Amino acid sequence: MDVFADLGQGILALLTVANVLLLAAGVTLGMIVGVMPGLGPSAGLAVLLPLTFGLDPTGAIIMLAAVYYGAMYGGTITSVLINTPGESATVASTFDGYPLARQGRAGPALVIAAIASFVAGTVGAVLISIAAPITAAVASSFGPPELFLVVVAGLLTLIVIIGRNWLLGALSALIGFALATVGVDIGGGSQRYTFGSTELINGIDFIPVAIGLFGIGEILHTLWRGGHLERIGYFTVGSRGRAFWPSREDVRESRGPILRGSLLGFVVGTAPGAGATVASLMSYNLEKSVSRRPERFGKGAMAGLAGPEAANNAASAGAMVPLLTLGIPGSAATAVLIGGFLMWGLQPGPLLMEQNPEFAWGLIASMYLGNVMLLLVNIFCIPAFASIARVPFRVLAPVIMLLCVVGTYSVNGSTIEVMIMLACGVLGFFMRRYGMSPAALVIALVLGPLAEETLRQTMIISGGDFTIFVERTTSRVLLIAMVALVLLPALLPRIRRAIATRLAEIGRRRAPERTLEP
Amino acid sequence: MTAVEPDAAPAADGARRWQVGARTVFFGILLVVLAGYFQLALGMEWRTAAGRIGPGFFPRIIGGIGVVITLVALLRSLRRVEPESEPDATDLGRHPRTMAVVVAAGVVLAAVFTVLGALVSGALFLLGCLWLLNREHPVLNAVLGIGLATGLYLLFQTLLNAGLPAGVLPFL
């Protein structure tokens, strides 16, 4: 099968000493970022982006992808040990993870979480190997009108990301679009909003904006709400005693939730905008609904940790499908990844797998190997990562700020870009403070130029006639999909309620069976 | 620490106060910036002479919609329709001054980065911020300030060949 041949080539491309070391470094750095207070995957990716400049594109993206899924797991450690999720996707892990730590079972909880992450990541990698080429094959027939509609569909995912506060979300996206228009107009060559500055002719670089919004913005927000005064109360992880490992009962209890969470997470993750947070919360509700002992949830049920943890990691793999095949980032973290792709001249989208198969399959292959590394690093270094979680924010904050400044400067050696980064940091703080969405801004900044370029090409083809969008069958299908995407937020609560009711019925039916057990 | 302000009066008593707070100032500034953006966009071509999309096509749409939305957000902030998040049990107060000092330190760092060099300016920034945030441990701060600045310099300059400025230490 082609998939096996392509994957084999990807593995061969990956298996160089340098790439394996980069993968290991990425996983470890991701874990460190994940356990650091005040830094999520998107901030971590943005801050670490400059570290990959000296690398070849394949190595750089492999490392960044490893940082991404390493950070997704790292957040679990703080969820379990200090009841503070590293980012929103691990909120569900606190529900039962922290009660387990309070019972002195932090070790087994973290090991089960690591196993769940590994299984989900591997299931995700297998599914992405199947789904990505199929989606790419369909998408490769797209012309400029379809590509424009795909970009618009990507922007529509913002509606899902933004949620209820659509007004401020739309405003965030508009600021992103506005920033994207700075520089030379691709169509006519005239300058827009450069104010005579030579440094702005090439536009506002994505990296200072992302580092500022996510890195500096998060730090300022944490400082503002007194994060530097926090005294962290944490549970320690015992060394390699018997109590460190999960019991047979734990493993038996976690098997089903891990498998269900993996499949659910992947499917939810492929829907742009839904992401890991939705997947983990859905998995928690699912497990509680189908459990024979739902009363244990919230008090230290291993199933309540294993399911969401698997869903969260599978969703991260699922998010790679629209990212690789359509060029649509479904979250802030994947938007930063797309920024990385563009920086190395790789255009994520329908043609990526056709034009750069070695790169695309190398990235997919790295997910298999990365998951094995993640499992090993997790299990054998849990106490070390737990100790990083103890480093107080008041020490970390200045160090991360300096890293942001040095990293931004190292991109183009420009002090103006450092100033732009700091300004974006302040903007990011106010955006968080007043309910705006830095993620929407970054996604709009990434997709804005693509939207402008593809619309321009479409208008040249059609001679300025907009009916071209309804004349082509593929365009019509995409338009229908976009309408569905717009209606989705309105229908989602009803669908969720219907599923919850159905699952609760199943749970009730299974409860009497439990009473019959010895 | 700021006091928790009471919520806006319920709609039932019909007495909604208009209030200019930090949120209003923020949206006011945003409105001015977007209005300026829109104004400049109006000076760009909507369509070119050849009938193609002009350089002002997208900026006019973005600016126009942006101004309208910001205006709505500004009016809402005046009427306090969107309440700010309530402080939780672990609330440690609000620290705008500390945050402002750190931002100012960041701006100073950026301004002197090429003059003093990455290593010296980085070390001074760390020492200053750690003195502000972690006053109880001066020795640790000194070690971290100098050690981490040197570590970051070596990482970017030696390993990644980033071309950081040497500044007042020309032997680097």
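Residues numbered from 1 in each chain as written. Chains lettered and ligands numbered in written order. Predicted model: local features only at pLDDT ≥ 70, side-chain atom pairs only at ≥ 80, totals over all residues. Heavy atoms only, no water.

Time to look at the overall build of chain A. The helix and strand inventory of chain A stands at 21 helices and two strands. The C-alpha radius of gyration of chain A comes to 23 Å, within 12% of the 24 Å expected for a compact globule of 518 residues. Overall, chain A is about 75 × 50 × 45 Å in size when its C-alpha atoms are taken along their principal axes. Considering chain A as a whole, with its 518 residues, one finds that 58% of them fall into the buried category. Across chain A, contacts joining residues at least 24 apart in sequence account for 79% of those joining residues at least 6 apart. In the structure as shown, chain A presents an accessible area of about 19,200 Å², 65% of it carried by carbon and sulfur atoms. Within chain A, one finds 32 positive and 27 negative side-chain charges whose respective centroids are separated by 16 Å. (Helix = DSSP H or I, 4+ residues; strand = E, 2+ residues; numbered from the N terminus. Rg over C-alpha atoms; globule rule 2.2 N^0.38 Å. Buried < 20%, exposed > 50% of the residue type's maximum accessible area, 1.4 Å probe, protein only. Contact = heavy atoms within 4.5 Å. Areas by Shrake-Rupley, 256 points an atom, 1.4 Å probe, with all protein chains shown as cover. Lys, Arg positive; Asp, Glu negative; His and termini not counted. Charge placed at Lys NZ, Arg CZ, Asp CG, Glu CD.)

This next bit is on the packing of aromatic side chains. In this structure the tally under the stated criterion is 16 aromatic pairs over all chains. Plain terms: the ring middles of A:Phe95 and A:Tyr284 are 4.9 Å apart, the flat faces sit at 75° to each other, and that makes the pair edge-to-face. Highlighted residues: A:Phe95 in helix H5 (residues 91-102) and A:Tyr284 in helix H11 (residues 275-290), separated in sequence by 189 residues. With relative accessibility at 8%, the residue A:Tyr284 sits in the buried group. Geometrically, the ring pair formed by A:Tyr434 and B:Phe27 is tilted, given 6.4 Å between the ring centres and 45° between the ring planes. Pair noted here: A:Tyr434 is in the loop between helix H18 (415-433) and helix H19 (438-462) and B:Phe27 is in helix H1 (residues 22-42), and the two residues belong to different chains. Like A:Tyr434, the residue B:Phe27 is buried in the burial classification. By way of ring pairs, the aromatic residues A:Trp224, A:Phe429, A:Phe430, A:Tyr434, B:Phe26 and B:Phe27 are connected into one cluster. (Phe/Tyr/Trp six-rings, centres within 6.5 Å; stacked < 30°, edge-to-face > 60°.)

So, about the environment of A:Val290. Its place among the elements puts A:Val290 in helix H11. Residues A:Val290 and A:Arg502 lie 212 residues apart in sequence; the distance between their C-alpha atoms is 10.0 Å.

Attention shifts here to the interface of chain A and chain B. At the junction of the two partners, chain A supplies 57 residues and chain B supplies 62 residues. Here chain A packs against chain B, burying approximately 5,300 Å² in sum over the two surfaces, 80% of which is carbon and sulfur. On the chain A side of the interface with chain B, the three residues burying the most area are A:Tyr193, A:Trp224 and A:Tyr434, jointly 13% of the side's total. Inspection of the chain A/chain B interface yields zero salt bridges. Counting across the interface, chain A meets chain B through seven residue pairs in polar contact (both at pLDDT 80 or more). (Buried area = accessible area lost by both parts, 1.4 Å probe. Salt bridge = Lys/Arg side-chain N within 4 Å of Asp/Glu carboxyl O. Polar contact = N/O pair within 3.5 Å; in protein donor to acceptor, adjacent residues only side chain to side chain.)

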